[in-house]
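# Examination of the molecular architecture
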Amino acid sequence: MIPRSVLLLLGLLVCHSVQADELSYNRDIRPILSDNCFACHGPDKNQRKARLRLDDRDVALDRKAIVPGKPGESKLVARITSTDTDKVMPPPEAHKKLTLSQKKLLERWIAEGAKYEPHWAYIPLKPSAVNKPQATIDHFIQERLAKEKLALSPEADRVTLIRRLSFDLTGLPPTWAEVQDFVKDSSPNAYEKLVDRLMAKPQYGERMAVFWLDLVRYADSIGYHSDNPMTVWPYRDYVIRSFNSNKPFDTFTIEQLAGDLLPNATLDQKVGSAYNRLLQTTQEGGSQAKEYEAKYATDRVRNVGSVWMGVTLGCCQCHDHKYDPFLTKDFYSMAAFFADVQEPAVGDRGPGTKLATPEQEAELKALDAAVAEAKKALAAEEAKFLPKQAEWEKSAKNLPKNIEAILKLEKRNPKQTNDLKAYYLSRIPETKALRETLAKHEAARNTFATKIPSCLITQSGNPRIVRILPRGDWLNETGEIVQPATPKVFISTTMTQPRATRLDLAKWLLAKENPLTARVFVNRVWKLAFGAGLVRTLDDVGMQGEAPTHPELLDHLALGFQNGWDVKKLVKQMVMSQAYRQSSKPRPELQERDPENRLLARQNRFRLDAEFVRDTALSVSGLLVSKIGGPSVKPYQPAGYWSALNFPAREWQNDSGDGLYRRGMYTHWQRSFLQPSLLAFDAPSREECTTERARSNLPQQALVLLNDATYVEAARAFGERAIRDGGKSSAERVAFLYQQALSRSPTAEEAKVLAEYVAEQAKLYTANEADAKALLTIGAKPVPKDLPASELATWTATARVVLNLHEFITRN
Amino acid sequence: MSLLQRRVFLSQTTRGVGALALANLLGPQLAAAEKSKGTLSYHHKPRIERVIWLVMAGGPSHLETFDYKPKLAAMDGQPMPESITKGQPIAQLQGQKLKCLAPQYKFKKFGKSGQEMCELFPHLGEVADDICIIRSLHTEAINHDPAHTFINTGTTISGRPSMGSWITYGLGSEAKDLPGFVVLTSQGRGGQNQPISSRQWHSGFLPSRFQGVNLRGKGDPVLYLSSPNGVSREQQRDAVSTIQKLNQLHNGVVDDPEIATRIQQYELAFQMQASVPGLMDLKQEDKKTLEMYGTQGADGTFGANCLLARRLAERGVRFIQLYHRDWDHHGGIKRDIQLKIEEVDRPLMALIRDLKAKGLFDSTLIVWGGEFGRTPMSQGGSGRDHHMKGFSMWLAGGGIKGGFSYGNTDEFGYNAAENVVSVHDLHATMLHLLGIDHERFSVKFQGLDAKLSGVEPCRVVREVLA
């Protein structure tokens, strides 16, 4: 990872090389001022020095820090160029230093009149000059490239295109047949047909859900201390369904923040509201309720701030924001929106609410009635035998000890009387059939009832009092009590009286005049299609974040998105563009001029996300169980990995059957100890909002792909496929492995390398059958009896090599 | 030829993968990356090269270890003065009568310096002149989970890098076939093993390669380390070499710098498969050493882990963190803390002596302590609750004043009262010893210059430095 500051600099370099003629406050000046000056001369009134604000032009002019047109008279210039350590700004103790070129820029900016601009992200969305229906993504990208005298790269070949689309839209590789079809399809709309087909697959919803679940920090455990399980997986399935049905993003937003507050809320809307329950919670003994109420309140504000607003509201927990126009009061007022969410501050959250559909409820009622009926029938019959109990007591033989003991008593208490009666009735031969009928009905009812899932959902109640906590200190109760309200800096027309609700908050996020939500979401979807955002800082569009590389394009897309909140349309717009379809191959002339590929003169390439690495291996091996949704599962995990968990101590039990072969996103998500083969590929713990996963390249990843039972078993299944479906000869089978895994045939050289490898392994495994058998017993999948162990081991070993190739886990 | 290239070359003599071609491919990129360099150049001359941080998880009582309070003994069973406890955060004693609990053991003066420590530490007492006790720590969280997160990351908010990640990010590591940040855990016999979380060694917003790697006593010492059954070392070599070769061929088509890194990581993984078992094999140690640590071999005890810590230090690992759990003595502290001290006393002495014998003591900082201390007030008549306002830790090693103690709590052992040291002060001091100015060691995160030592002012505790 390159530090942000370096990235920022590179970005500036690119920008400057184009437009050296016009200075832009937002692009050129504000990043310098924000990073170096605003902490003491910015929005935070408590830290402000010398009553000077440099984020506010009026104040800066009033205090003579800036005299427009006259850098020589501007105190700012005097101070930044001073050699006196008592005078120089930033002061030495700030450990900030302006470069010569930064100083020059500031001087030039003042000389040119010190024009300020409002921060790009906080101003209303702007239709661009070219904002006509026919303006496309490519128009904006190409226009920008043209300024650099650059052009898009040529379109990628069809194999690359179908792999790229399949990974981006479904998180899975294409089958060889799909590749063949697409390569051969000569119709002019072949590409669009493919896009439509992939977006119609249920796996599209799974892929999009992985992105969303990172943001909202979905997990299957509570996070803190004991990290016990919590049941929210129906919410995960709700997210998948929502993307698949192309639920408008405004509805999606409302349901998550406030589905429970909608009139006659449907089951789906209530499950959506589980969003408010996803945060980390605790059951740790000795935790103080007030402390955790405060923690949860701040957690929720941080998350809403990150997910929908793309700003770092979290800073305002302790002080007014140092860079952005948010106050501590804004932070706690935001927290007050969630004060009605009913939950224990400390302790078990319980199983949640049963999610019976109306049909299921009716069914349950019918089953209950059947049980009642059977009980009645039995009781009626048993009544006939009650008079004979006394007689039975005298003659009964071979009784259980406890019953015998009761019989010997002189006086029986009610429980003993009951136990005896129950025993007597349970032995009457004449009622046996009726008893069995009842048992059958009860079993049917219970089986049905346990199939109805539960989920933590939001239940609204009496709101807790929310105060401003001075310096974030929950013990300090001197702060002002606040009511729900959105940050003062933005217009708000959606608040209801007397107390604004989460529904109002959601509507405010979605209001046309809200400048953030659409920009932030569009930017993150852009990242899915291009590997990086138009604003590179996906977690921060505020003052300290980077400016968009293509501001007009961002607004163009955001405006379009606001009009209908159509997610599929947005995704399709991006993947249909020529910018998306171009080759990712590096071009020598770009390496120097745009090493970060900000101008998109080529596509980006990157490693698949953790879940998709797994999914891809399972998919090509034929092991993947493609069921959508359901309770989370436990695929292989090394024994003892949970040994540091306690209250209670636990061991992960590997699933059997289908649970071993589901997509990675269904893996039980344990926050404190995330399943380690996912963790190795940078899957986040989901304790906090993750806007961007790391994409590391580590030895642990090699160990996982080489040695984890998941991948060894996948290699065996893949090897078996090669033997059965790949053809007779070694060369045909090698070609089969490449085609299935990489969507292409091996080159002659590659084929030769693998032919040698196959021969060597065949020799070794033929000579040592015990090793062959040992390799084949890894994983739960039964070993086929009809194949020689040495042959299957040879092809397992060969498939294992293919599953470890860089190309296999790379979206190109 | 660089080390790794040589390794590749040597390992391919029999199966002819084309070592030279591979070396060409890796080229200068590998040479640069081979020694995992940090992002910093030293701010000043470092006093130490590495840290061994011994976490006594659960929160050891300072009142039964390093902070003797006669006043508390005199007031045993009497109410704690309300002037001290009023309005203070409290954990499990919420709503209960607060009574003093006398120190459960006598204290003794050890060493030439006369370090005052609990009598249960005869072995640590032998090296009392090497350690510097700080009796005036305080922290910001009163429950285990947030307190661990705070002491490790400098904040209680999840998602921030742990100190081991910060340090390896800043300075890199000298270790060749091992991660730069290693975590070992052991359990106590007392049944108070509070959970810990991998968040405590997570790299947060720093690159994943700076994450702590948990070396395990049972099963694979590093997850997924062993080759699959039925795959010999030679066959694993074959497989890795074939993967490398195919990746290299493909690189000719796609020209992807990540492929060079991938090839390098596969080599490293393959080397780790041999080097880690070697590291864990304590049979290589002589009997005397094993006896000194009080361990039979790699048995997952704190003693064995201390010995492993020395071996990791020898191999250039930058940050070594040991967790010994079971210090959460809400009840029966007299019996249970004795068990704990027994478990750590000898290994602590052994670690200090052994590092000295190996010439590593002066280049290592050892830190001993928990996530917080315990209340002077009794819990249930025989235990102590969590306590964040005052507790003890000790430091030893390079740049540390041995046989010295610093700071004091009040006469009840409640508040850090004299020469108060915050967790951030401790971070700043550790970084200082490593040659890093904590104020200048920051990474941009969400628009902030995030630092291990936080945003509030803090200081290097120069008084404890030699």
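Keep in mind the model is a prediction, meaning the values are calculated, not measured.

## Points about the overall build of chain B
- Within chain B, the secondary structure is distributed over 13 helices and 17 strands.
- By the compact-globule yardstick of 23 Å for 466 residues, chain B fits well, its C-alpha radius of gyration being 24 Å.
- With the C-alpha coordinates of chain B rotated into their principal frame, the extents come out at 80 × 55 × 40 Å.
- Partitioning the contacts of chain B with sequence separation of at least 6, the portion at a separation of at least 24 is 76%.

## Details of the overall build of chain A
- Looking only at helices and strands, chain A has 35 helices and four strands in total.
- Along the three orthogonal principal directions, the C-alpha set of chain A runs to about 115 × 80 × 50 Å.
- When the 812 residues of chain A are sorted by exposure, 48% land in the buried category.
- Intrachain contacts of chain A at a sequence separation of at least 6 include 70% that bridge at least 24 residues.

## Notes on the pairing of strand β5 (residues 181-186) of chain B
Residue and element names in this part refer to chain B.
- With six of six residues buried, β5 lies mostly within the body of the structure.
- Here β5 shows a buried face lined by Phe181, Val183 and Thr185 and a second buried face lined by Val182, Leu184 and Ser186.
- Inspection of the sheet shows β5 paired to strand β7 (residues 319-324) by six bridges, in the parallel sense. Across the sheet, Leu184 pairs through a bridge with Leu322, a residue of β7.
- Summarising the sheet, β5 and strand β6 (residues 213-215) pair through three bridges and their orientation is parallel. Counterpart to Leu184 in the pairing with β6 is Leu215.

## A closer look at the environment of Tyr204 of chain A
Residues and elements named next belong to chain A.
- Looking at the element boundaries, Tyr204 is found in helix α11 (residues 202-215).
- Look at Tyr204 and you get buried, because 21 C-beta atoms sit within 10 Å.
- As for Tyr204 and Gly171, which are separated by 33 residues in sequence, their C-alpha atoms are 7.7 Å apart.
- Ignoring anything within four residues of it in the chain, the contact list for Tyr204 reads Leu169, Thr170, Leu198, Met199, Phe243 and Asn244.

## Overview of the confidence of the model for chain B
Residue and element names in this part refer to chain B.
- Averaged over every residue, the pLDDT of chain B is 90; the share at 70 or more is 92%.
- The model gives residues 1-35 a pLDDT under 50, and that stretch makes 44 contacts with residues more than four places away or in other chains.
- The ipTM assigned to the predicted complex is 0.88, against a pTM of 0.88.

## Brief notes about the confidence of the model for chain A
- Averaged over every residue, the pLDDT of chain A is 93; residues scoring 70 or more account for 97%.
- Note that residues 1-19 of chain A has pLDDT below 50 and, in this model, 21 contacts with residues that lie over four places away or in other chains.

## Considering the interface of chain B and chain A
- The interface of chain B with chain A comprises 63 residues on the first partner and 73 residues on the second.
- Counting residues per element, the ones that place at least two in the side of chain B that touches chain A are α6 (144-153), α8 (233-254), α9 (257-280), β10 (383-387) and β16 (442-445) of chain B.
- Looking at which element gives the most residues to the side of chain B that touches chain A, the answer is α8 of chain B, with 11 residues.
- Its residues assigned to classes, the side of chain B that touches chain A shows 21 nonpolar, 26 polar and 16 charged.

## Comments concerning helix α12 (residues 333-357) of chain B
Residues and elements named next belong to chain B.
- Over its 25 residues, α12 runs 35 Å from end to end, which matches the ideal 36 Å to within 8%, given 1.5 Å per residue.
- Its axis deflected by about 25° at Val344, α12 carries its strongest bend there, up to four residues before the proline Pro347.
- Positive backbone phi, approximately 75°, marks Gly359, located one or two places after α12.

## Description of the environment of Gly402 of chain B
Residue and element names in this part refer to chain B.
- Inspection of the secondary structure assignment puts Gly402 in the loop between β11 (391-397) and β12 (404-406).
- It is 18 Å that separates the C-alpha atoms of Gly402 and Cys118, two residues lying 284 residues apart in sequence.
- In contact with Gly402, other than residues within four places in its own chain, are Asp129, Asp130, Ile131, Cys132 and Ala396.

## Description of unusual backbone geometry
Residues and elements named next belong to chain A.
- Residue Pro90 is reached from Met89 by a cis peptide bond, and omega for that bond is -10°.
- Here Gln497 and Pro498 are connected by a cis peptide whose omega angle stands at -5°.
- Mapped onto the elements, Pro498 comes out in the loop between β2 (454-455) and α22 (502-510).
- Phi at Lys64 is positive, roughly 60°, even though this residue is not glycine.
- Residues other than glycine seldom take positive phi values, yet His95 does so here, at roughly 55°.

## Let's talk about the nonpolar core
- Core analysis: the largest hydrophobic core is formed by 312 residues, its most contacted members being Tyr235, Val522 and Leu803 of chain A together with Val182, Ile320, Trp394 and Leu395 of chain B.
- In terms of residue count, α9 of chain B provides more of this core than any other element does, 11 residues in total.
- Setting aside residues no more than four positions away along its own chain, Leu395 of chain B makes contact with Cys132, Ile134, Leu365, Ile366, Val367, Ile400 and Val464 of chain B.

## Details of helix α8 (residues 158-170) of chain A
Residues and elements named next belong to chain A.
- Its 13 residues place the ends of α8 17 Å apart at the C-alpha level, agreeing with the 18 Å of an ideal helix rising 1.5 Å per residue.
- Within α8, 11 of the 13 residues are buried, which leaves it mostly tucked inside the rest of the structure.
- What α8 keeps buried is the set Thr160, Leu161, Ile162, Arg163, Arg164, Leu165, Ser166, Phe167, Asp168, Leu169 and Thr170.
- Positioned one or two residues after α8, Gly171 has a phi angle of 70°, which is positive.

## What to know about the pairing of strand β2 (residues 107-110) of chain B
Residues and elements named next belong to chain B.
- As paired strands, β2 and strand β3 (residues 115-118) are joined by four bridges and run antiparallel to one another. Bridge pairing links Phe110 to Gln115 in β3.
- Joining the antiparallel neighbours β2 and β3 is a turn of four residues, in which Gly111 adopts a positive phi near 70°.

## Section: the packing of helix α23 (residues 517-530) of chain A against helix α25 (residues 567-576) of chain A
Residue and element names in this part refer to chain A.
- The interhelical angle for the contact between α23 and α25, taken along N-to-C directions, is 45°, at an axis separation of 10 Å. As judged from the angle between their axes, α23 and α25 are oblique. α25 is crossed by α23, and the crossing has right-handed handedness. Along the contact surface, α23 presents Val522, Val525, Trp526 and Ala529, while α25 presents Leu570, Val571, Met574 and Val575.
- Residue composition of the contact of α23 with α25, by class: eight nonpolar, no polar and no charged.

## What about the packing of α8 of chain A against helix α10 (residues 190-200) of chain A?
Residues and elements named next belong to chain A.
- Put simply, α8 and α10 touch, their axes get as near as 10 Å, and they point 25° apart. As far as their axial angle goes, α10 and α8 are roughly parallel. Considering the relative orientation of α8 and α10, their crossing is right-handed. Across from Leu161, Ile162, Leu165, Ser166, Leu169 and Thr170 in α8, the residues of α10 making contact are Tyr191, Leu194, Val195, Leu198 and Met199.
- Residues of the contact of α8 with α10, tallied by class, amount to nine nonpolar, two polar and no charged.

Thresholds applied
- Residues numbered from 1 in each chain as written.
- Chains lettered and ligands numbered in written order.
- Predicted model: local features only at pLDDT ≥ 70, side-chain atom pairs only at ≥ 80, totals over all residues.
- Helix = DSSP H or I, 4+ residues; strand = E, 2+ residues; numbered from the N terminus.
- Rg over C-alpha atoms; globule rule 2.2 N^0.38 Å.
- Contact = placed C-beta atoms within 7 Å.
- Buried ≥ 20, exposed ≤ 12 C-beta atoms within 10 Å, placed from the backbone.
- Pairing = 2+ DSSP bridges.
- pLDDT = per-residue confidence, 0-100.
- Nonpolar A, V, L, I, M, F, W, Y, C, P; charged D, E, K, R; others polar.
- Expected span 1.5 Å × (residues − 1).
- Bend = angle between axes of the 7 residues up to and from the residue.
- Core = buried A, V, L, I, M, F, W, Y, C linked by C-beta atoms within 7 Å.
- Axes fitted to C-alpha atoms, helices over the stretch in contact; angles between N-to-C directions.
- Parallel < 35°, antiparallel > 145°, perpendicular 65-115°, else oblique.
- Left-handed = near helix turned anticlockwise from the far one by under 90°.

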